[in-house]
Each structure stands twice: as structure tokens, then as C-alpha cells.
Amino acid sequence: MAHTVLNTVSTKKIASSIAGAALVAASLAACTSTSNSGDENHLQSLQDAGTITVGVAGEAPYSYEDNGQLTGATIALHREIFGNLGIDNVEGVNTDFGALIPGLQANRFDVVSAGMSILPQRCEQAAFGDPEFNYTTALMVPTGNPAGLTDMQSVKDSGLRLATMTGAIESDYAQSLDIPSTQVASPQDGMDAVTSGRADVFALTAISLNWMKNNNPTAPVDVTESFVAEIDGVPQVGAGATVFRTDDQELLDAYNEELAKITSDTDKYLSIVGEYGFTAEELPDPELTTAKLCEG
């Protein structure tokens, strides 16, 4: 989208600032609209208002601001699903990824729209809908991948400086593998760390890194082939989902019912998320359930 790395960085940082300012009103509205969260009539109150407020972390292509407009694959899913539930307006509150679940618990928004990976420790704090995307990991490295990195173990063996995003599953991988990592607040910060030399490699979902590379063609970085991380020899097969408060079962159940109509139809699924770089490979595996992922 931008013609130079400098312009891309400046544009995205400006967009981030705009997102923070533009969504203040939505944030304040969220505190009011979610005041009855947990009540069995929360779904009805959202339908009556015609608006749902979602928490986003500015991670493309899941949920982010583009020219002041809320967009992304999870936003597209939510507009479709909540629209089918009689809630036509989706508003966003922008926050750091690591603050999404605390913000949900504090009633800053009604659900989290960020393609968040379903992990046992997160399931203790919030309720996850059914899987929406299958995930693999990739590495963003300097052009040419001089160290020949291929996966998390190769990063550990290399001793190179790793950057991961606060709250993202790759940070958990790094911790489990005893790899020191620099925490960054956003994907753009991770890319900046690599291009500036503050980090040698940035780990994130393959979809996110490929989207960044494709939309920043002049950036001096490459993205490795995607992989499934392994911890103690166990493949870490992951999936992302929408996040709800634990006492919002009626809303979650209604959402899952509509989601199933989409994920059971490949053409329908791709008609909604395909433009954001998602393919049939990201279509969730029916055998990989939220219950299994929450159990670890």
C-alpha cells in the first residue's frame, strides 16, 4: 500500500493514533452498552440497540483501521454474523493485544474481535467461541534470511535476538522453549524491530506476517515458510476464535450457531475472509474443538 518503508511506518503509526482517537467515543459507549453484561438479556439488549462493540488490537488482517474504517477478516465475520442476529452496527475499541481480555472483563467492549488463539490459560479468564481460523507460525527475518531460520527451535539454536508480540501465542512458545524475547505491542513494532536491527527475527502467525510483507513490498524483510511449532515434541496446533465473557453464554451460543453456517460452507467462508488473505487451509478443522484446545 505504501511505496517506502518510511512512509509505511509513518502511515501506520498515524493510522494507529487516529484509531485511538477515533474510537474513544466507542470506548465510552461500550462501558455503557455492556453494563448489563452477564444478564440473560444481554443479547436482547444488543439487538435492541442494534450495535455491538468489539475489542481490536490493530493486527492486520484480522481487525484493524484502514483510512479510519474498521476492517479485517474477523470484522467481516462479525458484521455477517451479528447482522444475522439483528445487530447491524459493529463498532471498535482499539487496545494492545495483551489488554484485550482484561478490557473484556472490565466491560470496555462486548466481545474480542482479534482472531485470538484458544489457549488453556485464556480459557480460565474468558469464554471462546468455536474456532474460526487454523493457525501456523512464521518468522520475519532480514532479506535473504541470512541465518537460515526455519522454526522456533532454529531461533533458539541460533542465539539470535527474537521479538514477539505481547500476549500472542508466539510469546508463549518462546517462554516454553526458554528463548529470550523482546516484547512488542503490535505487528508494526515487530517489523520495525527487525528493519532497525533491534531484533534479528520476529515471530507471529504466518497470515499476519505475509500480509505485512505483501503490503510493504519495499521493506528489507522476508517471511519464512509457515510451520507448526513444537514444544517438548508436541505439535502446537492452534486455532483462533472470538472471545466472550464467561457469563455471556446466550450471546456465545447464538454466535456459534451462525458461525457454523459459515465454516461448514467453504465457498461462504472464503467469500467473507478470502479478500484478507485467508484460504481453505485456514478453514478450521471440525475435529479441533474449543473444548479440546481449552484442555491443552
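The text that follows walks through the structure, step by step, so that each part is easy to find.

Conventions we followed
Residues numbered from 1 in each chain as written. Predicted model: local features only at pLDDT ≥ 70, side-chain atom pairs only at ≥ 80, totals over all residues. Heavy atoms only, no water. Helix = DSSP H or I, 4+ residues; strand = E, 2+ residues; numbered from the N terminus. Contact = heavy atoms within 4.5 Å. Pairing = 2+ DSSP bridges. Axes fitted to C-alpha atoms, helices over the stretch in contact; angles between N-to-C directions.

What about the side chain of Thr95?
Alright, step 1. As for its position among the elements, Thr95 is in the loop between strand 4 (89-94) and helix 5 (100-105).
Alright, step 2. If we ignore the near neighbours within four places in the chain, the residues touching Thr95 are Val56, Ala57, Leu100, Arg108 and Phe109.

Focus: the sheet that holds strand 11 (residues 201-205)
Alright, step 1. Strand order in the open sheet made by the five strands is 10-9-11-8-12, with mixed pairing throughout. One side of each edge strand has no neighbouring strand; the edge strands of this open sheet are strand 10 (181-184) and strand 12 (221-223). Along the sheet, successive strands turn relative to each other by an average axial angle of 30°, direction set aside.
Alright, step 2. Here four bridges tie strand 8 (residues 137-142) to strand 11, and the two strands are oriented antiparallel to one another. Residue pairing across strands places Met140 opposite Phe202, the latter belonging to strand 11.
Alright, step 3. Taken strand by strand, helix 8 (residues 169-176) contacts strand 8, strand 9 (162-165), strand 10 and strand 11, and its axis lies near 135° from that of strand 9.
Alright, step 4. Along the sheet, helix 9 (residues 187-196) contacts strand 8, strand 9, strand 10, strand 11 and strand 12; its crossing angle with strand 11, the most-contacted strand, is approximately 155°.

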